[in-house]
Amino acid sequence: FFTTASVVDNTVTRQRNYITMDKGIEDSIRINMALITPENTIVGYVLECSTHLSVAISVLNTGFRTGGQADTKGYLGSVYWDGTDNGRLTMTEIDQYADIAVGDTIRAYSSIFPADVVIGTVEEFVMARSNYYEAKVRLATDMSKVKRVLVADYAYLAERAELERSISNQGR
């Protein structure tokens with residue numbers, strides 16, 4: 001399920017930035033739906049809905065987290081915003097044996113965002129600890145210019161979450 005929405009409010013200068021959209025429950029918007037640009041780049045995901053409006057957490061929010069995966073090389077990591085540069089994210093926990101390089105395209109790897117959604121490109125990386133890399137990723141989305149978004153629903157999100165929760169409850 002995809003629908004379009006207009007952004008009616010968007011902050012980009014705070015530590016905890018949010019996006020308000022002109023679609024809500026009456027428009028089939030639900031919590032945890034992904035927000036992406038028409039160019040297929042990451043924006044955020046829905047946190048709260050009212051009848052006619054929704055509020056989403058922006059990728060430029062220090063509480064935002066998602067998984068990331070290198071486009072062609074396959075290495076994985078955790079992506080977040082450290083609150084300092086609104087054009088750069090951090091990707092951490094990249095395996096020490098990953099074939100990481102400047103210019104690698106990072107795409108979303110999570111149950112919320114469609115797999116082909118672009119997060120950005122690797123600008124630099126360092127060995128953060130003795131067993132993983134940390135990379136600075138140039139954000140593909142200019143968050144200050146987001147006016148329209150696509151709101152995407154992962155149809156099996158609740159089923160996947162329940163299945164994964166059942167495994168973690170078994171101690172595996």
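Keep in mind it's a predicted model, so treat the numbers as computed, not measured.

J.: What exactly am I supposed to notice about the nonpolar core here?
T.: By size, the foremost hydrophobic cluster in this structure holds 44 residues, and its most contacted members are Leu35, Tyr75, Phe113, Met143, Val149 and Val151. Ignoring sequence-local partners within four residues, the contact set of Val151 consists of Phe1, Phe2, Thr3, Ala5, Met21, Ile29, Met33, Ala34, Leu35 and Val46.

J.: What should I look at first to understand the sheet that holds strand 10 (residues 118-129) in this one?
T.: Neighbouring strands of a sheet are bound in pairs by backbone hydrogen bonds; such pairs are parallel or else antiparallel. Strand order around the closed barrel formed by six strands is 6-7-8-11-10-9, with antiparallel pairing between neighbours. Going from strand to strand, the sheet's axes swing by 40° on average, the running direction of each strand aside. Alignment of strand 6 (residues 65-70) against strand 9 (residues 105-108), held across three bridges, turns out to be antiparallel. In the strand pairing of strand 9, Ala70 is matched with Ile106.

J.: Please explain the side chain of Thr92 as it appears in this structure.
T.: Secondary-structure assignment places Thr92 in strand 8 (residues 88-95). The buried category is assigned to Thr92, whose relative accessible area is 8%. Residues contacting Thr92, with those up to four places away along its chain left out, are Gly77, Ser78, Tyr80, Tyr132, Tyr133 and Glu134.

J.: Please clarify how the pattern of salt bridges should be interpreted in this entry.
T.: Between side chains of opposite charge, a pair can form when the charged atoms approach closely. Applying the stated rule across the entire model yields eight salt bridges. Here Lys136 makes a salt bridge to Asp82, at a shortest N to O gap of 3.2 Å. Taken together, the residues Lys136 in strand 11 (residues 132-139) and Asp82 in the loop between strand 7 (76-80) and strand 8 connect sequence positions 54 residues apart. Here Arg88 and Glu124 are joined by a salt bridge, their closest N and O atoms 3.3 Å apart. In this pair, Arg88 sits in strand 8 while Glu124 sits in strand 10, placing the two residues 36 residues apart along the sequence. In this structure Arg88 comes out as buried when scored by relative accessible area, which is 18%.

Cut-offs applied
Residues numbered from 1 in each chain as written. Predicted model: local features only at pLDDT ≥ 70, side-chain atom pairs only at ≥ 80, totals over all residues. Heavy atoms only, no water. Core = buried A, V, L, I, M, F, W, Y, C linked by side-chain atoms within 4.5 Å. Buried < 20%, exposed > 50% of the residue type's maximum accessible area, 1.4 Å probe, protein only. Contact = heavy atoms within 4.5 Å. Pairing = 2+ DSSP bridges. Helix = DSSP H or I, 4+ residues; strand = E, 2+ residues; numbered from the N terminus. Axes fitted to C-alpha atoms, helices over the stretch in contact; angles between N-to-C directions. Salt bridge = Lys/Arg side-chain N within 4 Å of Asp/Glu carboxyl O.

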